[in-house]
Amino acid sequence: MTSPDRAVTSPQNGGVRSVFSFFRNLPVQIKASAASAVLLICLLALGTNAYLTSKRTAEGLRSLSNELIPKQQAFASASEATITAHMKIFRYVSWASNGVSDSLLKPLYGEINRDLDTLSARISALAQRPDLSSQERTTLRELLAKWESCKSHAKDTIDVGQTDAAMATMMLGQTDDTFEAVDTDFQNLSNVMSGTARILSNKLYYDAEQNENIIILITLAGFIISTLVALLVGQSIVRPIKSITDGMQRLSAGETDVQIGYRDRRDEIGRMVAAIDVFRRNIIERHAMEQTLTEAIEAISEGFSLYDADDRIVACNTRYSEMFSYGRVSEMIGKSFESIVSNAVNHDLIPDAKSDPRRWLAERVVRHRDPGSPHVQHRSDGRWVRISERKTATGGIVATYADITELKQREAELAGLVHQLEVARDAANEASRTKSSFLANMSHELRTPLNAIIGVTEMLREDAHEFNRSDEVEPLDRVLRAGRHLLALINDILDLSKIEAGKMELHIEEFGIAPLIDEVVKTIETLADRNDNKLVVACDPAIGAMHADQTRVRQALLNLVSNANKFTERGAVTISAERHRDAGRDWITMTVTDTGIGMTPEQMGKLFQEFSQADSSTTRKYGGTGLGLAISRRFCQMMDGDITVKSEHGRGSTFTIRLPAIVGDLSSSAPQPSLSANLKPAASDAPLILIIDDDATVRDVVGRYLEREGFSVVKANGGREGLSMARKFHPAAVTLDVMMPDLDGWTVLAAIKGDPDLADLPVILMTIVDEKNRGYTLGAADYLVKPVDREKLVGVLYTLCGSSAGHLLVVDDDDIGRRQVRTALEQRGWKITEAANGREALTKLSETPADAIILDLMMPEMDGFEFLEEMHRNPQWREIPVVVVTARELTDEDRRRLDGGVERIIQKTDRDEMLHEVRNVLAKCVEKQRNVQAAET
Amino acid sequence: MRFLALLLLAALSIVPLRAAPSEFGSKDEAVAMVKRVEAMFQKDGADATFKAVSDPSTKEFHDRDLYVFIYNMSGVCVAHGARPALIGKNLIDIKDQDGKYLIREMADIAKGPGSGWFDYKWPNPQTNKIEDKSSYVERMGDYFVGVGVYR
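How each quantity is defined
Residues numbered from 1 in each chain as written. Chains lettered and ligands numbered in written order. Predicted model: local features only at pLDDT ≥ 70, side-chain atom pairs only at ≥ 80, totals over all residues. Heavy atoms only, no water. Helix = DSSP H or I, 4+ residues; strand = E, 2+ residues; numbered from the N terminus. Buried < 20%, exposed > 50% of the residue type's maximum accessible area, 1.4 Å probe, protein only. Contact = heavy atoms within 4.5 Å. Areas by Shrake-Rupley, 256 points an atom, 1.4 Å probe, with all protein chains shown as cover. Buried area = accessible area lost by both parts, 1.4 Å probe. Salt bridge = Lys/Arg side-chain N within 4 Å of Asp/Glu carboxyl O. Polar contact = N/O pair within 3.5 Å; in protein donor to acceptor, adjacent residues only side chain to side chain. Core = buried A, V, L, I, M, F, W, Y, C linked by side-chain atoms within 4.5 Å. Pairing = 2+ DSSP bridges. Axes fitted to C-alpha atoms, helices over the stretch in contact; angles between N-to-C directions. Phe/Tyr/Trp six-rings, centres within 6.5 Å; stacked < 30°, edge-to-face > 60°. Patch = residues over 30% accessible without salt bridge, like charges linked within 9 Å, V, L, I, M, F, W, Y side chains within 5 Å.

1. Here we look at the overall build of chain A
And then number 1: Along chain A, the regular secondary structure elements total 28 helices and 22 strands.
And then number 2: When each of the 937 residues of chain A is scored for burial, the buried share is 44%.
And then number 3: Taking the contacts inside chain A whose residues are at least 6 apart along the sequence as the reference set, 65% of them involve residues at least 24 apart.
And then number 4: Entry remark: accessible area of chain A is about 48200 Å², with carbon and sulfur atoms responsible for 54%.

Structural data, given as structure tokens:
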């Protein structure tokens, strides 16, 4: 028997090799089954053979004992009986010859006769036995015949013997012969039977012998096969299992580089080896994991320990063991927390425990077993340890001991620093407040006298105009220009100083972009006209709103547009705006393009520097402070945007404002509630005036003027168009020329009055034809003769539209300022009451209730803030709209104080602009108030 | 069986030897007696002959040691002048002391030559001893008839 390995390497017999290989790869169960099957087959063969043999033997023996022996016995006894009978005959003849008496002979005679008859019956019975073979039957038949003759001889002999002994003796020979023949036959029969028996026994013997051989053969074969199978199974199971057991023992002893063979086998052994290999790799991984974990624990900067549910230490690092005066980590493992801490207490490591060690220890153990928030422990070496203990899921405890000595020191240092910082902060806050109030006061102090200068000079100039003192006009104009330049300079410097000081605050609010551009365009129109420039607006009306500091955006755009107009003559200035998306947020770009003188690259380099214009000569030629652009750019940069420029000398320039659509983070800084949001300049809010005139100049001049005065304007170039537009727009009023080519004014007037929809529409006839009566008869509201006095027209329109007329209280300590407002507003139909300070204003208010109030903030005795507070205490006055007009730079705090109490805050910078704004705001305020009243009634 | 035969021989050896010749019939007398039996058989028939032969008072067929015996061809004794016990017995197998089948051979003589002399041993009725005997046998119909002399 060769081992499977050797079988594999044996080159001479590929068949055997493949059989072994096949057998080796069979599952163990099948192998065992095969072995059992082979043994079973051997056993079965043995059993079957034994069964058949014993059955045959039993049959043979049965036939021997049941048939042959009784038969032979029957024959033998019959034969015996014949011999006995023969002897008796011989005795009879002998007795008869020797003269034995008849008394003795007679019974013998009878006995012999009976014997002979009995024998006849016996022998014929024998011949009729069913178990006779044919040979026996033949022999017996012959024997029976012989017997009959024998019997007759015998009977003859004794019969003769009765009377003739000599003759009987003579006849004995004949009897002897026949008896002998019978005897021979019996002998033959016996021989035949013994032959049968011999054959049978021979057969049995042969069977037995053969059986013995078969048994020996099967047993031998079974022994050899089962030995072979056992060896095979042993080779393919026991050896691998021994190897596996050996490998597993070595594995469990920690030898992880063990390699177990038989991995390539496809049976259970192969799978088992594969599983053990996985197991081995897991052990290696676990070892590595444990190693990593130990290293990680060791690398923790704090003392680390893990206790099991029985409060015995499972793992810790060197820092931890050192904290408890143990030399090595291994010395600690397995110790209970209580023993570790009590050891620390005994070594006087914990000063807190000194006073009552037992109680401290008990508390410490309780705290350890039911850990809460971290606590701090003072150590006798002066260090501080923060102890964090947490329960694990399995009921153990994880503890970290962080050395926070330095932290404690830092904390102390920090507390000192914080105190110093607080002192410094208070000082800084105080300084800042001082600075802020200085700046606010300074701006007021600078602007107020300058406003007075400008205002008085304007009045003087108007008087000079009125009284035709033309020699005075020119010097006054120079004063005015100088004054305005100074005012602008002061404004810019104040802005710049605020930016420099970081005091500039943004007031983020939401506003429409298109209205803003409209506003700028309207403001700049005069300047554009002066230089013969065309203003082009390219802005998508659907551009929507943006979220930024409206004032600053307007200022920057105004600056760019006014610059463009300054440096361009007889050209075009295009203002465009668009929204686009970039870097995750919406951006708004506003571009101002001119066809003016342009700039060289050197000029562009200095463009955004403070106090420098492209050329120092430009200041003289074009005016301006040279600060505007720098300030505008600073504003844009504060709003996360910028201003950029592209220019070509002699060809013009393009300035671009780029701002985020939503400045700042909406979520972090809530936008300031808008003070002006509800008063957005919107064309639709203003009363709509329809101008019907065939003269384009008249339409443009009147239209522009009315727009500046706060009206919306639509224009029609003739009577027909006028009528259709009147039907289409339903204007608030119509100015109508009389002399027109298609339909004259009278016809149009009649048509309007005849149309039920338009009958109420007020019509102002403006004509060179002086036919007032005709006009009034036809239903005209008013009749103005050309050239029309603009102020008068506006007055008439305001009266007709009813948009502004009411009682106005002007509160200002500066009488020039009050007079400016009065002059500007009285012609609009306002009744003006003046007050020099808050207290006076309250008195005036109680005498005559006002529809609106214009309020200065900086006033003696009672300033604007105080007045507002007082005013708002009276519920009757609370609803009166207040417009704040101030030269003061408002701080955030000022704005908060004003928030909700005023309609609008207007900066006193430029008089015209200011008055224009005041008129607009008042008109809207009154309208709003009327709406409220209408809604109430 | 052989043992029994030897015993028998031993028993027979005690028998004494022959008597004086004068008192015995001769061969001629034996033939003549046969001829008389045949004549009677021819004349009186079988039954009467057999009766006469077997009756010891019939002198014609009984003369000193001469007597007649008649057997059929099967060996059955039908008439006997000296030993009436034998009448009716089949003696075809009987042998003398020398082992001669005497009846069978006599029947053979009757069937073959028809008549002849035949030597054998047979008990003498006068001495009642087995003696040497010569008998003349002749065929007579379905039977053979014989008369012997003791020597």
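2. Observations regarding the interface of chain A and chain B
And then number 1: At the interface, 22 residues of chain A touch 26 residues of chain B.
And then number 2: Of the roughly 2000 Å² buried between chain A and chain B on both sides combined, carbon and sulfur atoms contribute 69%.
And then number 3: Across the contact surface, chain A and chain B share three salt bridges.
And then number 4: Here A:Asp159 makes a salt bridge to B:Lys89, at a shortest N to O gap of 3.6 Å.
And then number 5: Seen at the junction of chain A and chain B, the total is five residue pairs in polar contact (both at pLDDT 80 or more).

3. Re unusual backbone geometry
Residues and elements named next belong to chain A.
And then number 1: Look at Asp311: it is not a glycine, yet its phi comes out positive at around 65°.
And then number 2: In this model, His730 sits at a positive phi of 45°, which is unusual for a non-glycine residue.
And then number 3: Take His730: it is sitting in the loop between α20 (719-729) and β15 (733-736).
And then number 4: With a relative accessible area of 47%, His730 lands in the partly exposed category.

4. Quick notes on the nonpolar core
Residues and elements named next belong to chain A.
And then number 1: Among the nonpolar cores identified, the biggest contains 45 residues, and Leu557, Met590 and Ile657 are the most heavily contacted of them.
And then number 2: The residues touching Met590, leaving out its near neighbours within four places in the chain, are Ile513, Leu516, Met546, Val553, Leu557, Ser576, Ala577, Phe655, Thr656 and Ile657.
And then number 3: Counting residues in each nonpolar core, the second largest holds 39 residues, with Leu68, Cys150, Ala165 and Leu204 among its members.

5. Examining the environment of A:Ser97
Residues and elements named next belong to chain A.
And then number 1: Here Ser97 is to be found in helix α3 (residues 28-97).
And then number 2: With relative accessibility at 39%, the residue Ser97 sits in the partly exposed group.
And then number 3: Note: C-alpha distance between Ser97 and Thr169 (72 residues apart in sequence) is 7.5 Å.
And then number 4: Once residues within four sequence positions are removed from consideration, Ser97 is found in contact with Ala165 and Thr169.

6. Concerning the sheet that holds strand β14 (residues 712-716) of chain A
Residue and element names in this part refer to chain A.
And then number 1: The strand order across the open sheet formed by five strands is β14-β13-β15-β16-β17, and the pairing between neighbours is parallel. Each end of this open sheet is capped by a strand with a single partner; those strands are β14 and β17 (782-785). Looking at each pair of strands side by side, their axes are set apart by 20° on average, direction ignored.
And then number 2: Sheet topology note: the strand β16 (residues 763-767)/β17 ladder contains four bridges and is parallel. Looking across to β17, one finds that Met766 is bridged to Leu784.
And then number 3: On the sheet, α20 packs against β13 (688-692) and β14 and is oriented at approximately 145° with respect to β14.
And then number 4: Most of the contacts of helix α21 (residues 745-754) go to β16, to which it runs at about 180°, and overall it touches β13, β15, β16 and β17.

7. Notes on the sheet that holds strand β5 (residues 143-150) of chain B
Residues and elements named next belong to chain B.
And then number 1: Spatially, β2-β1-β5-β4-β3 is the arrangement adopted by the five strands of the open sheet, whose pairing is antiparallel. Single-partner strands in this sheet number two, and they are β2 (77-80) and β3 (115-124). Recorded for the sheet is a direction-independent mean angle of 25° between the axes of neighbouring strands.
And then number 2: Direction of pairing for strand β1 (residues 68-72) relative to β5: antiparallel, over a ladder of five bridges.

8. Focus: helix α10 (residues 337-346) of chain A
And then number 1: Where α10(A) is concerned, the buried positions are A:Phe337, A:Ile340, A:Val341, A:Asn343, A:Ala344 and A:Val345.
And then number 2: Once α10(A) finishes, A:Asp348 follows within two positions and takes phi at roughly 60°, a positive value.

9. Let's talk about the packing of aromatic side chains
All names here are of chain A.
And then number 1: With the rule as written, the count across this model stands at 14 aromatic pairs over all chains.
And then number 2: Judged by centre distance (6.0 Å) and plane angle (45°), the ring pair of Tyr92 and Tyr109 falls under tilted. On the criterion of sequence distance, the pair formed by Tyr92 in helix α3 and Tyr109 in helix α4 (residues 102-127) is long-range, its members being 17 residues apart. Residues Tyr92 and Tyr109 agree in their burial class; the two are buried.

10. Here's the deal with a nonpolar patch on the surface
And then number 1: A cluster of nonpolar side chains, namely A:Leu220, A:Phe223, A:Ile224 and A:Leu228, defines an oily patch on the protein surface of about 400 Å² accessible area.
And then number 2: With respect to the helices and strands, the residue A:Phe223 is situated in helix α6 (residues 165-252).

11. Looking at the pairing of β1(B)
And then number 1: Within β1(B), five of the five residues are buried, which leaves it mostly tucked inside the rest of the structure.
And then number 2: The alternating pattern of β1(B) places B:Val68, B:Ile70 and B:Asn72 and B:Phe69 and B:Tyr71 on opposite faces, both of which are buried.

12. As for the side chain of B:Lys89
And then number 1: Looking at the secondary structure, you find B:Lys89 in the loop between β2 and α4 (102-111).
And then number 2: The exposure class assigned to B:Lys89 is buried, which follows from its relative accessible area of 12%.

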